[in-house]
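A look at the structure
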Amino acid sequence: MTTPTSTAPAVDATSVTETQEAVGRSPGQLMWLRFRRDRTGVISAIIVIFFFLVAILAPVIAAVYGKNPYTLYGQDIPGLLNDYGYPVAPNGGISSEYWFGLEPSLGRDVFTQLVYGIRTSLGIAVVATIIMTVLGIVIGIVAGYAGGKTDYFVGRVIDLTLSFPQTLFIIAFMPVVDSILVASNEEPPVWLRAVSLTIMLTAFGWAGLARLLRGQVLSLRTREFVEAAKVTGASPARIVFKELLPNLWTPILIQSTLLLPAMVTAEAGLSFLGVGMGELVPDWGRMFLRATQVYRNDITYLIFPGVALLVFVVAFNLLGDSIRDAFDPKIKR
Amino acid sequence: MNIRRRSAFALLAAASMALVGACAPGNAGAPAGAPSAGASSAAPAAAPYKPAVITLGTAEDSKGPAIAPEGVVKGGTVTMIDRDDYAHLDPAQVYVNTDANMGLLLNRGLTGYKRIAKGEYKLVGDLATDAGTPSDGGKTWTFTLKDGVKWQDGAPITSADVKWTIERMFAPFVTFGPSYIQQWLTEEDYKKAYKGPYDGKELDNIETPDDKTIVFKFKTPHADANYAFAMAGYSIVPKAKDTKEKYDQGPVSSGPYIIKSHVVDKSYELVRNPNWDPNTDPIRGAYPDVWKLEFGQEALQITDRLVADSGPDQTAFTFYAAVPPERLQQVLDDPNLADRRMISPSPYGNYYYFNLDRVKDQKVRQAVNFAWPSKQIQQTLGGPNAAALPTTILNENTTVGYEPYDLFEKTTKPEGDIEKAKQLLAESGNPNPTIVYAYNQTPVQEQVTVVIKNALEKAGIKVVAKPLDRKTYYDSISQTKNEFDLYWGGWGADWPSGSTVMPIIFGPVSDGGQNMSHLNTPELSAKMKEISENPDIDAANKAWMALDKEVQEKYTPLVVAENRIATTLHGSKVGGAEIDPQQWVVSPNTIFVKK
């Protein structure tokens, strides 16, 4: 059955009907073809690209729209908020002036807050994901390829990192960072928070990818083509870059597309818990936190950051799924 | 359509349904900042609040029983729900308002506050026949005990018990209670002068010529000593039954109730004290037969329970758990709750202190005062129903002879006068000063900080907002060598007189002390000493009010902060519930259970 000769006529028959102008296709092209056929994947990709565009073009959007996320419109302009600090107009103060309404109490513009909030969340998430992926690749391959004591040692570090109560640690550690690094009569700068958040998220996020790649490398390095390369005297660098890495791109790409939305939610989660960006920086997590306090009187304010976060995370996760399907059509559910 | 796609569509559908369902109504009420918003028309309950009137009662006023609230019913069981159990039961260790309130059910003192009508109180004799007789220009105070006042075991309360009560407050284990009387009897560092009665030594300036008479001889004149004796910390402890440290676990009752059971941090059950005679007590009504106190619930849960008002919660109320901001609009807008809510601004003074060691230019301090966004802060805190905007250092609730003044035009321009601030800054020679504003890092304070920063920066003041850890906030700002320019702090009067506020917040400067503006001039100190020792209490109260204004005019050491207003609910079958304007807790004295 599996011998090529016995099925030759059958192969011929199919190849005639399917590949009339037979073109050689690279795996990348094949993947692209399969991806384009996946409607969910394409829609998700469009949504994700849209979010990235909004993040990049936030200042342009704000300029065209004529508002910024920092002015306290509700407090500066009388008549927008009532005595309790809630928007007077229905639906959280939505009007032609304020498309998504006003923030309760402080009276900032929700639309620009949301648009600039994407920047904060995505910026931190993208940087953290890139660093994490690089770290994961390096550590995973080193552990898998070197084996022995290195593997054992790295394995234990990964175990420790994975089992560490990271959220608790970050909550406890953030104020300490501020008090050590910031002079007592200075304001903690915004970049410091962003950098320390990125470092914290990275420090706990690389281990999953590293463990996955280590396993892959362990099984790959005993395969014939690697053995063959070793026998022909290839340098370790060549083996890693030319023999191993090309076989690892699929899990790396899939993992990092799934890591990114996880980081977006993690960042929002930390802001929700009060250790994210400060009150002056637009942030989805903090909007969400405020919204949960005022939802009884202003449900609209809960919906915008909620739906935005939901749509983004779902779209990115579906995109990750589609990419995996496109790379590896055998795993079809 | 595969499963994944279907679920994606389902999500999309759910999201769009959420959007459709999001047609929320607008929030009714007067828009803040509208020209007529001075007297808020937003809430039905925002009738102008009248501060409490406290006067001195006569011997006739000091006779029992207490004036009953309208429609009073005796008997029944009332439930009190709160968050925390009381830290101390030994009167000598009581300073906190909630502990003091519990003390009203169990202990009696020489004097106390009798409710005459809503918002009207008189200082009367509680165990004493009247509110004391001063002589020797206010240096000597004489009290006579009433007939028929007894401990829970039936033993009479004597002048020896009163003397013992004051003497034991010098003992080393008493660390939390008030210290006024002790200092007046001896010296500033009173624990050095006398070590308490347990080793047999007595204080000879407390005299007991007979079982009913007690005479205090102070070193300096104190015209308001009878107010000091009304503090819960000076409630009487029996000489014969004093168990020293162990007394904190359960006092011998002289009040209307005794403790039947107490599960720490969980509950109390109080039943009647058979030896308490209502005819000797002008203060406590003690209408319910049984009190059940429950602890361990947060303000939000308590509010929701009292709003629901179901079953046993109909006879429940809370001493201290005020409606949290997130339920305020709901509670205040509900007409069904109108007769079940109590509203009272806090009796505490709240200030944004300038650090005078760093902000040396008074013009800058005045400019900050003019630019201060009082109205916006009020809105951030929940509007005029959640915070009042006082303009004086002394609180209207706790100052006899209160006189309002408004130096920085806060009544006409509560949103701040940026132009005036700019003008003052120009005169100061530094039109763009930097102010380091330190704040307690809570979610609400983060928002208030945004408001303050926004307003002051409009006037050209650069604000460096410095968040401080909640646990160490007070430690950080009460360091004399701190590196901040402006920070919030509060202080409450111990009795309605400037003498328990001004000499403390402008008193000695020390690490951990209460003088956070570091304003301490010999001239001011001398003036405060003079007023404190004035034997004419009315003249003294007038002088404190005048000094209040003078301090703000001459030194401007602070910005008067917003004053929180507590809204508290009670169950539908609880009658006579009222927030005590001085203690800011619901008074147990008038509570009764409706049939």
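Please read all numbers here as calculations on a predicted model, not as lab measurements.

Quick look at the overall build of chain B
Along its length, chain B carries 16 helices and 22 strands. In terms of C-alpha radius of gyration, chain B reaches 26 Å, essentially the compact-globule figure of 25 Å for 595 residues. Projected onto the principal axes, the alpha-carbon positions of chain B cover approximately 90 × 65 × 45 Å. Looking at the 595 residues of chain B, the share that counts as buried comes to 50%. Within chain B, residue pairs in contact and separated by at least 24 positions form 76% of the contacts whose partners lie at least 6 positions apart.

A closer look at the overall build of chain A
Of regular secondary structure, chain A possesses 14 helices and 0 strands. Start at the N end of chain A and walk to the C end: the helices and strands fall as α-α-α-α-α-α-α-α-α-α-α-α-α-α. Over its C-alpha atoms, taken along the principal directions, chain A stretches across nearly 85 × 55 × 30 Å. The proportion of buried residues among the 333 residues of chain A is 38%. For chain A, long-range pairs separated by at least 24 residues make up 70% of all intrachain contacts whose partners lie at least 6 apart in sequence.

Some thoughts on unusual backbone geometry
Cis rather than trans, the peptide bond between Gly64 of chain B and Pro65 of chain B has omega equal to -10°. Inspection of the secondary structure puts Pro65 of chain B in the loop between strand 1 (53-56) and strand 2 (77-82). We note that Asn91 of chain A has phi near 55°; this positive angle belongs to a residue other than glycine. Within the element layout of this structure, Asn91 of chain A appears in helix 6 (residues 90-93). Its identity as a non-glycine residue notwithstanding, Asp309 of chain B has a phi of 55°, on the positive side. Tracing the backbone shows Asp309 of chain B in the loop between helix 7 (299-308) and strand 12 (316-317). Of the residues examined, Asp309 of chain B has 17 C-beta atoms within 10 Å and is grouped as partly exposed.

Brief notes about the sheet that holds strand 15 (residues 387-388) of chain B
Note: strands within a sheet are paired through backbone hydrogen bonds, in either parallel or antiparallel orientation. Residue and element names in this part refer to chain B. Read across the open sheet, the 3 strands follow the order 13-20-15; overall the sheet is antiparallel. Since the sheet does not close on itself, it has two edges, and those belong to strand 13 (341-345) and strand 15, each with one partner. Bridging between strand 15 and strand 20 (residues 563-569) involves 2 bridges; their strand directions are antiparallel. Bridge assignment links Ala387 to a residue of strand 20, and that residue is Arg564.

Quick look at the nonpolar core
Nonpolar side chains tend toward joint burial in soluble globular proteins. One finds Tyr352, Ala367, Val368, Ala371, Tyr437 and Leu456 of chain B to be the most contacted residues of the largest nonpolar core, which totals 221 residues. Looking at this core, the element that brings in the most residues is helix 7 (residues 110-146) of chain A, giving 15 residues.

Some remarks on the sheet that holds strand 11 (residues 290-295) of chain B
Residue and element names in this part refer to chain B. Taking strand neighbours across the sheet as the criterion, the 5 strands line up as 9-10-11-2-12 in an open arrangement whose pairing is mixed. Every interior strand has two partners, whereas the edge strands, strand 9 (257-263) and strand 12, have only one. Pairing of strand 10 (residues 267-272) with strand 11, which is carried by 4 bridges, proceeds in the antiparallel orientation. From the neighbouring strand, Leu270 faces strand 11, where its bridge partner is Trp291.

Things to note about helix 2 (residues 97-106) of chain B
Residues and elements named next belong to chain B. Among the 10 residues of helix 2, 8 are classified as buried, and the element is accordingly described as predominantly covered. Residues of helix 2 that are buried: Asp99, Ala100, Asn101, Met102, Gly103, Leu104, Leu105 and Leu106. If you follow the buried residues of helix 2, they end up packed against strand 9, strand 10 and strand 11.

Overview of the confidence of the model for chain A
All names here are of chain A. Counting all residues, the mean pLDDT for chain A is 84, and 91% of those residues have values of 70 or more. By mean pLDDT, helix 1 (residues 8-18) is the weakest element of chain A at 44, and helix 3 (residues 39-56) is the strongest at 92. Counting contacts from residues 1-19, a segment whose pLDDT is below 50, to residues more than four positions away or on other chains yields 1 contact.

Some details on the environment of Asp189 of chain B
One can find Asp189 of chain B in the loop between helix 4 (180-185) and helix 5 (190-193). Through-space distance from the C-alpha of Asp189 of chain B to that of Asp304 of chain B is 48 Å; in sequence the pair is 115 residues apart.

What to know about the environment of Arg37 of chain A
Residues and elements named next belong to chain A. Inspection of the secondary structure assignment puts Arg37 in helix 2 (residues 27-37). Accessibility expressed as a C-beta count within 10 Å gives 11 for Arg37, which makes it exposed. Taking the C-alpha atoms as reference, Arg37 lies 9.3 Å from Ala326; in sequence the two are 289 residues apart.

With respect to the UniProt feature "domain: Solute-binding protein family" (unreviewed entry) in chain B
The UniProt record marks residues 122-508 of chain B with the feature "domain: Solute-binding protein family" (unreviewed entry), using the residue numbering of this structure. Structurally, residues 122-508 of chain B comprises 25% helix and 19% strand, and the distance from its first C-alpha atom to its last is 33 Å.

As for the pairing of strand 9 of chain B
Residue and element names in this part refer to chain B. The sheet contact formed by strand 9 and strand 10 spans 6 bridges and is antiparallel. The residue bridging Val263 from the neighbouring strand is Ser267, located in strand 10. What sits between the antiparallel neighbours strand 9 and strand 10 is a turn of 3 residues, in which Asp265 has the positive phi angle 65°.

With respect to the packing of helix 7 of chain A against helix 10 (residues 190-220) of chain A
All names here are of chain A. Relative to each other, helix 7 and helix 10 sit at 35°, their axes nearing to 6 Å. The chirality of how helix 7 crosses helix 10 is right-handed. Across the contact of helix 7 with helix 10, the residue classes tally to 21 nonpolar, 7 polar and 2 charged.

Concerning the UniProt feature "transmembrane region" (unreviewed entry) in chain A
Within the UniProt annotation, "transmembrane region" (unreviewed entry) is assigned to residues 41-65, 122-146, 190-213, 258-281 and 301-320 of chain A. In residues 41-65 of chain A, the share of helix is 96% and the share of strand is 0%. The end C-alpha atoms are 31 Å apart.

A closer look at the environment of Pro288 of chain B
Residue and element names in this part refer to chain B. Tracing the sequence through the fold places Pro288 in the loop between strand 10 and strand 11. You can call Pro288 buried: it has 24 C-beta atoms within 10 Å. Considering only alpha carbons, one finds Pro288 and Met169, 119 residues apart in sequence, at a separation of 32 Å. Excluding residues that lie within four positions of it along the chain, Pro288 makes contacts with Gly75, Gly76, Thr77, Val78, Ile591, Phe592 and Val593.

Conventions we followed
- Positions within a chain are numbered from 1, following the residues in the order the chain's sequence is written.
- The order in which chains are written sets their letters, starting at A; the order in which ligands are written sets their numbers, starting at 1.
- Owing to the predicted nature of the model, reporting of local features is limited to residues with pLDDT of at least 70; listing and counting of side-chain atom pairs is limited to 80 or more, with chain, interface and lining totals taken over all residues.
- Numbering of helices and strands runs from the N terminus, with a helix taken as a DSSP run of H or I at least four residues long and a strand as a DSSP run of E at least two residues long.
- For a compact globule the rule gives 2.2 Å times the number of residues to the power 0.38, and the radius of gyration it is set against comes from C-alpha atoms.
- Counts of 20 or more other C-beta atoms within 10 Å of a residue's own C-beta define buried residues, counts of 12 or fewer define exposed ones, and intermediate counts define partly exposed ones; C-beta atoms are placed from the backbone.
- In this description, any two residues whose backbone-derived C-beta atoms lie within 7 Å of each other are considered to be in contact.
- Strand pairing is assigned whenever DSSP detects at least two bridges linking the two strands.
- When buried Ala, Val, Leu, Ile, Met, Phe, Trp, Tyr and Cys residues are joined through C-beta atoms within 7 Å, the set is termed a nonpolar core.
- The predictor's confidence in any single residue is recorded as pLDDT, a number from 0 to 100.
- UniProt positions are given in the numbering used here, feature names are shortened, and annotations may be inferred rather than shown by experiment.
- Each axis is a line fitted through C-alpha atoms, taken for helices only over the stretch in contact, and angles between the N-to-C directions span 0 to 180 degrees.
- In this scheme the handedness of a crossing depends on how the near helix is turned from the far one: anticlockwise by less than a right angle means left-handed, clockwise means right-handed.
- Amino acids are sorted into nonpolar (Ala, Val, Leu, Ile, Met, Phe, Trp, Tyr, Cys and Pro), charged (Asp, Glu, Lys and Arg) and polar (every other residue, Gly among them).

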